[in-house]
Amino acid sequence: MPDSARQTQEALIQDLIRARRVAISIIIPFVCLLTVGSIHLTNDDLSHHAYNIQIYTFHTIALLSTWIAIRHYQASEVPYMAMLTVGASFIITKFITLALYATFDGFSLGITDSLIWIYALLIFALINIKSGFYWRYSISLMSILTIMGMFYIYSNIGVPSFNSTLVSLLQLLSIGWIVLIGSKSYMIGKELHISHIAKMATLEGVAHTDILTNLPNRRYLEHYLQEFVGRPSSKILSLMFIDLDSFKLVNDTLGHSKGDDLLKQMASLLVKLSGKSAVVGRLNGDEFVILLPETTGEVAEELGHTILKHLQKDGLELGKEYQHFRLTLSIGISVYPQDGHTPEELLRHADSAMFSIKKNGKQNVRRYNLEDDAETEYRQELAHELAGAIERQEISLVFQPLYNLSTGKMVKAEVLMRWQHPTLGWISPATFIPVAEQAGLINTLGHWALQQSCIYAKQWPSIALCVNVSVLQLLQTNFSQQITELLHEHQLPASQIELELTETTVMEDNPNTVEALRSIRATGISLTIDDFGIGYSNLARLRTLPVETVKIDQSFTQSLAGTELDQRYAAQMIHSVVQISNIAELHITAEGIETLEQLRAVRALGCHTG
């Protein structure tokens, strides 16, 4: 049960307990005083003297003892049981005493002034009923009193002076049953009310709680912000929008259970570092929000840097399988009222600041500014439009030919994706591919590109098509199976399709990546390292990877036509790659050949295609 539901239920129960304590603290002493008063008033009545003093004295002592016990042992059920038993014993004892010793008039008077106390006792005993046993016990005692009363009535039917006593006795018995059943009905109704409120509180807690991390969810965060900005007394609030970089890669590589473990540990870390006044919530996926009421943006930035440092040092207790992932955070901050006056504005602006960090290397903290907002809106529009771009036939493929540098024959073609939007115009892959990765659309786009490439490859049997693949595609558990099925569907040999991956993706020391590459290579598909030279440039690692081709980045090709220093640097770099690749029996492709001078240079350096 969520904390809010539990607190609501406990509060209602405590209200009942307080009411019971007050009632018993007042009523029992009052009953004792009335009893003592009865002893005093009847002390000179010889017809009552023989039994009233002893019975009333016993009754008073028993009630006082029970009252003391209840006051000192409020959590125990024994005093309530004792109180109920004392009351019943008093009435039954007096019945027997009156029947044995009293005259008819004395009996009538005695039974009339005594029966009334049992009902008060029954009411307060019922307040503590927690099981069917108490209810059955109370019913049994009331039934005994009713039987004895009915027997007394039956025995005196026809006695002229008995009529008024008969009416009183019937009224008392009727009132007793009404009070008994009414009290029970009240308790049942109260329990149903408590149960209903608890269920409503539980539902409310579920509606406002993220099930995985047990943090407040988006609905709660928006509700909290709405209340905060609506209060006249609210002065300032900082909102931190936190994104766990590369989480999708972890999720796709290690599986959802490991991804969930990472999210839960991240949630615990944020709660631990944020302080008691902060509200830490999970917005969705790998996005968290920290609300800092009455906190300036400067303090929020300090907290952001503290979180980053703690994460890198010893923030998460993760297994060895995570060590190949560089876990970083991008943290955007917006401040009320400077950066927004509504929950939507504050969230959007903090998201804008966060996205700016992602574009500039990640692992940083940034305060919102106006430039971020326009870019975020454009990115969100792209993600929305991209979701239906394939169905609207806005995505197309173009082909960059690759030639054998020795023979001049076209042997390959690089497949490039293009997006022509009816209102946004031509959109560069460098712009929409990162958006597709962020929005979870890259696998759909990538599969479509592979499928279309297979269709074209069928028409060009002498040419191999080189298709770019995202790391998110590569690390899908069934990616190699997808390729095999496409080749079989289009009846293509594996030699007609090559997959290109960026140097950053391939060169990371990640066993999951290497395993995925080997799985793909087992299908017969050739693998190419794209844009080599601008990332890790780990030449020694080339021989350990299941790749066949290295594509030297076009920046080196272009430098061959630059200054003397640029030419020497580029030539030496290309020469080194060619030498290592020859040892590893790798194929070398030079990208971006645009002039005859560049063509002669890369050919002389030993490149095979370009």
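The structure displayed is predicted, hence computed values, not measured ones.

Draft legend 1. Representation of the packing of helix α7 (residues 218–230) against helix α11 (residues 343–359). Viewed as axis vectors pointing N to C, α7 and α11 meet at an angle of 120°, and their least axial separation amounts to 9 Å. Between α7 and α11, the interaxial angle falls into the category oblique. Within the contact between the two elements, α7 uses Arg218, Glu222, Leu225, Gln226 and Val229 and α11 uses Pro343, Leu346 and Leu347. Of the residues assigned to the contact of α7 with α11, the class counts are five nonpolar, one polar and two charged.

Draft legend 2. Structural view of α7. With 13 residues, α7 should cover 18 Å at 1.5 Å per step; its first-to-last C-alpha distance of 18 Å lies within 8% of that length. Residues of α7 that are buried include every one of Leu221, Tyr224, Leu225, Phe228 and Val229, and no others. The arc that holds the buried residues of α7, viewed along the axis, is 120°, so those residues lie on one side. Facing away from the buried side of α7 by over 90 degrees, the exposed positions are Arg219 and Gly230. Buried residues in α7 make contact with β1 (237–244), β2 (279–284), β3 (287–293), β4 (329–336) and α11. By the N-cap criterion, in which a side-chain oxygen at the helix start approaches the backbone nitrogen of a residue two or three places on, α7 is capped by Asn217, the distance to Arg219 being 3.2 Å.

Draft legend 3. Broad picture of the side chain of Thr328. Counting through the fold element by element, Thr328 comes out in the loop between α10 (297–313) and β4. The class of Thr328 is buried, set by a relative accessible area of 3%. At 2.7 Å, the side chain of Thr328 and the side chain of Asp245 are in polar contact. Setting aside residues up to four positions removed in sequence, Thr328 forms contacts with Asp243, Leu244, Asp245, Leu311, Gln312, Lys362 and Gln363.

Draft legend 4. Up close: the nonpolar core. The biggest cluster of nonpolar side chains holds 65 residues, and the ones touching the most others in it are Leu386, Leu499 and Cys607. Of the residues forming this core, the biggest block, seven residues, is contributed by helix α14 (residues 442–459). For Cys607, the residues in contact, after removing those within four places along its chain, are Leu405, Ile552, Ile574, Val578, Ile588, Ala590 and Val602. Core analysis: the next-biggest nonpolar cluster, separate from the first, contains 29 residues, Leu215, Leu303, Ile331 and Val335 among them.

Draft legend 5. The side chain of Ser352, seen in detail. Turning to its location among the elements, Ser352 is positioned in helix α11. There is a polar contact of 2.9 Å between the side chain of Ser352 and the backbone oxygen of Arg348.

Conventions used here
Residues numbered from 1 in each chain as written. Predicted model: local features only at pLDDT ≥ 70, side-chain atom pairs only at ≥ 80, totals over all residues. Heavy atoms only, no water. Axes fitted to C-alpha atoms, helices over the stretch in contact; angles between N-to-C directions. Helix = DSSP H or I, 4+ residues; strand = E, 2+ residues; numbered from the N terminus. Parallel < 35°, antiparallel > 145°, perpendicular 65-115°, else oblique. Contact = heavy atoms within 4.5 Å. Nonpolar A, V, L, I, M, F, W, Y, C, P; charged D, E, K, R; others polar. Expected span 1.5 Å × (residues − 1). Buried < 20%, exposed > 50% of the residue type's maximum accessible area, 1.4 Å probe, protein only. Arc of directions from axis to C-beta. Polar contact = N/O pair within 3.5 Å; in protein donor to acceptor, adjacent residues only side chain to side chain. Core = buried A, V, L, I, M, F, W, Y, C linked by side-chain atoms within 4.5 Å.

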